[in-house]
Amino acid sequence: MTPAPIHYLVVSALLFTTGVVGVLTRRNMLVILMAIELMLNGANLAFVAFSRMHHQLDGQVVSVFVMTVAAAEAAIGLAIVVQLFRQRGTVRVDETTLLRG
Amino acid sequence: MLPIVLPVDTGDLTALGPLLAVLIAALGVLTVDMTFEREEARGRWSFIVGLVGAGLAAGCASLWQWEAPGRAILGGALYADAFSSFFDVLLATLLGLTLVVSWYCLDRVKVKPAEFTGLAVLSFSGMFLMVRAADMLTLFLAIELMSLPVYVLAGLSAGSKTGREAALKYFVLGSLASAILLYGMALVYGVTASLGYTDIAGYLATASRESGVENPLFLAGLALMLVGLGFKVAAAPFHMWTPDVYEGAPTPVTTLMASGVRAAAAAALLRFLAGAVLLTRGHWMMLVWALAALSMIAGNVGALAQTNVKRLLAYSGIAHAGYMLLGLFALPRGAGGFSMYVAVYALSVLGAFGALQWFDDRGRETVDIEDLAGAGKRHPWMASVMTVFLLSLAGIPPTAGFAAKWFVFAAAVQAGYVGLALLGVMTSLFGAYYYLRVVIAMWMDEPADISGADQSPTTGLVLGLLALAVLFIGCFPGWLWFLADLASSKLV
């Protein structure tokens, strides 16, 4: 069976939801970074699937741009985590709470 | 051989002037950073390049013929119209002021001036892109170009214990917001088969109700996009990061986050709501209603208990996001009140944070209200300037904040949202209390040990002029209203 576009959309929604849940519940910063990547890739998959459905290229172009942005974002996120690790010696967010709220 | 034709004409380049000026200035600062050996020269020259960029951007933007009809340029990726010129002038002013008021504070918070300037100018180039974005891809790229340098800036302070944590919080929640926004865009694209605002509006106008304005997939996408943009303008209930990040980041960076970033995000929000999805306003106005009401309440209530001025201004910013959103109810007629409110708020809050930096203790980032006690006796001029900005934020006449509030409340009342406007009036009366608490501490309390490390006359002069401008707008709001209305009336 060839997967129809709707199957891709279901997978993309699952990826995105997994990402959201991951960002909100996980306490390890590296896992949170991965969850953010999952969300972006879920959106990417949706863009590509819709692009296929509409028989146009716009959505695929978006996904290429998003991949670039995701790489930049990951670089900055990892840099922040490394800096915080040097200062506090941990990558768990619940152990780095000087700020209230 | 195929002839290569660039799809750019000189008219387009003129319209892109402000954006290009800031982008080139950002590259210029990076070059300066690599060229000079000495730290001091790097800082000074990057500062000059950044200021020249801001000046050129303001110059290019004011050359725009404001009466001219707007048009889409670069294959429909960007708009060139009076709205982008209005925000270009505002952003260029904010960039120049941010650089000037932060200059003497950077040493104290242990941030290298060249790095601050480079990242700030880069972030502003994202904002210049954002206010003219005409499709969802450009909007997303502009938001990221604006946000990524600010994540770095928040954690840049070498000596700070809280800066890194603030950077992490800002990064995680900002990225979450961007990803939610992107998924919303994907759903909107899936329904409308287009990325451009004009095309989306065109699709909604022609499609049947079931496949267009009432389509659940489309409405879900729109709601996700509003959540993402709500994070960026720090509207409740997506405001939880604001107080922590504003407190933890070095004050120069907080200045930039509170003024430039919010102004650009608000402009992009208005552009999208008016340009692309105006036909579904029955649906999104309910969401905006909820956001506005929650922001006004959460912001003002949260600010009451604060003893730290940076946290206080963060909560006040949330409340101001609510007042700002009231201006959106004027759609589909011009949302001039919204644009004017954004401009006035950005200038006032920049002034308040600038004055706070002037009072900043040596090597200490936090300024508590009690640190400001007696400032009126020791530095009467600067305390007066700070008072003007705080009164403007509180919306007390004859400052600009009052005039701006007047226009957004009027917009909400005219659109029939009397209850929400009343809530706005009530909360701003209520909110005046915590601004006055700071004012009273400055003028009535006995002097604390307030060092005001570098009493820079230049910064003081610039802040004084800004305070005069805020008073001037408060006494004669007509011209700013005229420009804001002119800029915002042709978005639809």
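Worth saying up front: this structure is predicted, and the values here are computed from it rather than measured. Throughout this document, residue positions are counted from 1 along each chain, in the order its sequence is written. For naming, the first written chain is A and the first written ligand is 1, with later ones following in the order written. Restriction of local features to residues with pLDDT of at least 70 applies here, the model being predicted, together with a cutoff of 80 or more for giving and counting side-chain atom pairs; totals for whole chains, interfaces and linings are based on all residues. Water and hydrogen atoms play no part in the side-chain values, which are based on all heavy atoms of the structure.

Chemist: Give me the lowdown on a nonpolar patch on the surface, citing residues and values where you can.
Modeler: All names here are of chain B. Any residue with relative accessible area above 30% and no salt bridge may belong to a patch, with like charges joined within 9 Å and the nonpolar Val, Leu, Ile, Met, Phe, Trp and Tyr side chains within 5 Å. Here, Shrake-Rupley sampling with a 1.4 Å probe gives the accessible areas, and only protein chains in the shown set may cover a residue. By salt bridge we mean one thing: a side-chain nitrogen of Lys or Arg within 4 Å of a carboxyl oxygen of Asp or Glu. There is a patch of nonpolar side chains on the surface, built from F36, W45, I48, V52 and L56 and spanning about 430 Å² of accessible area. Looking at the element boundaries, I48 is found in helix α2 (residues 39-62). Each residue is placed in one exposure class: buried if its accessible area under a 1.4 Å probe, protein chains only, is under 20% of its type's maximum, exposed if it is over 50%, and partly exposed if it falls in between. When its relative accessible area of 34% is taken as the criterion, I48 is described as partly exposed. For the purposes of this entry, the term helix denotes a DSSP run of H or I that reaches at least four residues, the term strand denotes a run of E that reaches at least two, and both are numbered from the N terminus.

Chemist: Kindly report on the environment of P69 of chain B, identifying the contributing residues and their values.
Modeler: Residue and element names in this part refer to chain B. For P69, the position within the fold is in the loop between α2 and β1 (71-73). P69 sits in the exposed class, given a relative accessible area of 65%. Each C-alpha atom of the pair P69 and D81 lies 6.7 Å from the other, and the pair is 12 residues apart in sequence.

Chemist: An account of the pattern of salt bridges is requested, with residue identities and associated values reported.
Modeler: Pairing between side chains of opposite charge can happen when the charged atoms of each approach one another. All names here are of chain B. Using the criterion set out here, one finds 11 salt bridges over all chains in the structure. A salt bridge links E40 to R38, with the nearest nitrogen and oxygen atoms 4.0 Å apart. Taken individually, E40 and R38 each receive the classification exposed, so the pair is uniform in this respect. In this structure, R311 and D244 form a salt bridge, with 3.0 Å as the shortest nitrogen-oxygen distance.

Chemist: Could you give me a rundown of helix α7 (residues 163-192) of chain B, with the residues and numbers involved?
Modeler: Since the α-helix packs 3.6 residues into each turn, any two residues three or four apart lie on the same face. Between its terminal C-alpha atoms α7 of chain B stretches 42 Å, which fits the 44 Å expected from 30 residues at 1.5 Å a residue. Backbone geometry just downstream of α7 of chain B places A193 of chain B in the positive-phi region, at approximately 60 degrees. By this rule, a helix spans an expected 1.5 Å times one less than how many residues it contains.

Chemist: Explain the interface of chain A and chain B to me, using residue names and the numbers behind them.
Modeler: The figure often quoted for interface size is the accessible area lost as the parts come together. Here, two residues are considered to be in contact whenever any of their heavy atoms come within 4.5 Å of each other. Taken together, the contact between chain A and chain B spans 44 residues of the former and 37 residues of the latter. Taken together, the connections running from chain A to chain B amount to one salt bridge. Between E165 of chain B and R88 of chain A there is a salt bridge; the shortest N-O distance is 3.5 Å. For this analysis, a polar contact is any N or O atom pair within 3.5 Å, provided that within protein one partner can donate a hydrogen and the other can accept it, and provided that sequence-adjacent residues contribute only side-chain to side-chain pairs. Where chain A touches chain B, the interface holds eight residue pairs in polar contact (both at pLDDT 80 or more). Counting only elements with at least two residues in the side of chain A that touches chain B, the list comes to α1 (5-25), α2 (29-53) and α3 (58-88) of chain A. When residues of the side of chain A that touches chain B are assigned to their parent elements, the largest contribution, 17 residues, is made by α3 of chain A. Amino acids are sorted into nonpolar (Ala, Val, Leu, Ile, Met, Phe, Trp, Tyr, Cys and Pro), charged (Asp, Glu, Lys and Arg) and polar (every other residue, Gly among them). Of the residues belonging to the side of chain A that touches chain B, the class tally is 28 nonpolar, 12 polar and four charged.

Chemist: So what's going on with the environment of V49 of chain B? Residues and values would help.
Modeler: All names here are of chain B. Inspection of the secondary structure assignment puts V49 in helix α2. Exposure remark for V49: the relative accessible area of 21% places this residue in the partly exposed category. Through-space distance from the C-alpha of V49 to that of V32 is 8.5 Å; in sequence the pair is 17 residues apart. Each residue touching V49, except ones within four places of it in the same chain, is listed here: A25, G28, V29 and V32.

Chemist: Which residues make up unusual backbone geometry, and what are the values?
Modeler: Residue and element names in this part refer to chain B. Note that the residue after A236, namely P237, is joined by a cis bond; omega there is 5 degrees. Structurally, the position occupied by P237 is in the loop between α9 (216-232) and α10 (241-248). The omega angle of the peptide bond from P397 to P398 is 5 degrees, so this bond is cis rather than trans. Structurally, P398 can be placed in the loop between α16 (380-394) and α17 (400-414). Here the phi dihedral of L74 falls at roughly 50 degrees; this positive angle occurs in a residue that is not glycine.

Chemist: Provide a residue-level description of the nonpolar core, including the pertinent values.
Modeler: Here, nonpolar core means buried Ala, Val, Leu, Ile, Met, Phe, Trp, Tyr and Cys residues that are tied together by side-chain atoms lying within 4.5 Å of each other. Among the nonpolar cores identified, the biggest contains 219 residues, and M136, V277 and W284 of chain B are the most heavily contacted of them. Once residues within four sequence positions are removed from consideration, V277 of chain B is found in contact with I200, L204, F218, L222, F272 and W284 of chain B.

Chemist: Please set out the confidence of the model for chain B residue by residue, giving values where relevant.
Modeler: Residue and element names in this part refer to chain B. Residues with a pLDDT of 70 or more make up 95% of chain B, whose mean pLDDT is 89. For every residue, the predictor assigns a confidence score, pLDDT, that lies between 0 and 100. Within chain B, helix α6 (residues 136-154) carries the highest mean pLDDT (95), whereas helix α15 (residues 375-378) carries the lowest (81). The complex model carries a pTM of 0.93, and its ipTM stands at 0.95.

Chemist: I'd like a rundown of the packing of α16 of chain B against α17 of chain B, residues and numbers included.
Modeler: In a pair of packed helices, the angle between the axes and the distance between the axes together describe the arrangement. All names here are of chain B. Working convention: axes come from line fits to C-alpha atoms, limited for helices to the stretch in contact. Angles between N-to-C directions cover 0 to 180 degrees. Where α16 contacts α17, the two axes come as close as 6 Å, and the packing angle between them is 10 degrees. With respect to each other, α16 and α17 are oriented roughly parallel. The two elements α16 and α17 cross, and the hand of that crossing is right-handed. Of the residues in α17, those in contact with S392, L393 and A394 of α16 are A400, G401, F402 and K405. Taken together, the residues of the contact of α16 with α17 sort by class into four nonpolar, two polar and one charged. Each angle receives one of four descriptions, namely roughly parallel if under 35 degrees, roughly antiparallel if over 145, roughly perpendicular if within 65 to 115, and oblique otherwise. Crossings are assigned a handedness: left-handed for a near helix turned anticlockwise from the far helix by less than a right angle, right-handed for a clockwise turn.

Chemist: Please give an account of empty space enclosed by the protein that cites residues and values.
Modeler: All names here are of chain B. For cavity detection a 1 Å grid was placed over the protein atoms alone, and a set of points counts as a cavity when a 1.4 Å probe fits there but cannot get out; an open set counts as a pocket when protein lies on both sides within 12 Å along at least five of seven lines, with lining residues being those that have an atom within 4 Å of a point. Grid points are joined across faces, edges and corners, and a volume is the space filled by probe spheres set on the points. For the structure shown, the criterion picks out seven cavities of 30 Å³ or more. By volume, the largest cavity is sized at about 60 Å³. Looking at the largest cavity, the residues that line it are Y170, L173, G174, F231, K232, W241 and V261. Breaking the lining of the largest cavity down by element, the ones donating at least two residues are α7 and α9. By residue number, the principal contributor to the lining of the largest cavity is α7, which donates three residues. Among the residues making up the lining of the largest cavity, the classes are represented as five nonpolar, one polar and one charged.

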